[in-house]
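What the coordinates show
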Amino acid sequence: MNNLRVIKGDYNEYVKWNGLRVADDEFALNIKDGKTKYYIVLDDEKFFSDFFLFTDEMDVNLNIVGRFDEIAKVMIETLKEDYDVLTFTSDENTYNNFQYMKDYVEVLSEDEDVFNLADGRVFNIKHFKCKLK
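What counts, and at which threshold
Residues numbered from 1 in each chain as written. Predicted model: local features only at pLDDT ≥ 70, side-chain atom pairs only at ≥ 80, totals over all residues. Heavy atoms only, no water. Pairing = 2+ DSSP bridges. Helix = DSSP H or I, 4+ residues; strand = E, 2+ residues; numbered from the N terminus. Buried < 20%, exposed > 50% of the residue type's maximum accessible area, 1.4 Å probe, protein only. Contact = heavy atoms within 4.5 Å. Patch = residues over 30% accessible without salt bridge, like charges linked within 9 Å, V, L, I, M, F, W, Y side chains within 5 Å. Areas by Shrake-Rupley, 256 points an atom, 1.4 Å probe, with all protein chains shown as cover. Salt bridge = Lys/Arg side-chain N within 4 Å of Asp/Glu carboxyl O. Lys, Arg positive; Asp, Glu negative; His and termini not counted. Charge placed at Lys NZ, Arg CZ, Asp CG, Glu CD.

Across 6 bridges, the pairing between strand β5 (residues 85-90) and strand β7 (residues 122-132) is antiparallel. From the neighbouring strand, Phe88 faces β7, where its bridge partner is Phe128. Two elements, strand β6 (residues 105-116) and β7, share 11 bridges in a ladder whose sense is antiparallel. When the bridges of β7 are listed, Asn116 appears paired with Val122.

Okay, here's the thing in structure tokens:
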């Protein structure tokens, strides 16, 4: 995993790496419309993972990034080329991804949304507004 790197992708890259079945899904259309930025994580030249930046909220959803512990550093290095402050959103009860970023960001604020589901479960979403180091 020493050869991880992040490249900026577009709608065509999203469809290439995820298949034609996603060509008309919400993520694809938002990438096409410029509402979402798409990033691809490569290990050498092989697809490793991907992530999204939602430009309206300047928010990166950490729940959809696989094997986050291995890509946190290269992800932040790429994002700080274009951004100083971003919000990272995660279901920390399930994914616990933010722990891998603490060395690469300065937390400016943290808040949480709590959702009571119909089946009695509680769903917590945490938002970390961070300055990228």
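Anyway, onward from the coordinates.
All right, on to the environment of Thr36 then. With respect to the element layout, Thr36 can be found in strand β2 (residues 36-43). In this structure Thr36 comes out as buried when scored by relative accessible area, which is 4%. Along the chain, Thr36 and Arg67 lie 31 residues apart, while their C-alpha atoms are 21 Å from each other. Residues in contact with Thr36, not counting those within four places in the same chain, are Asn30, Ile31, Phe52, Leu53, Phe54 and Thr55.

Right, let's talk about a negative patch on the surface for a bit. The grouping of Glu110, Asp111, Glu112 and Asp113 at the surface amounts to a negative patch. In this structure, Glu110 sits in strand β6.

Coordinates in, geometry out; function isn't part of it.
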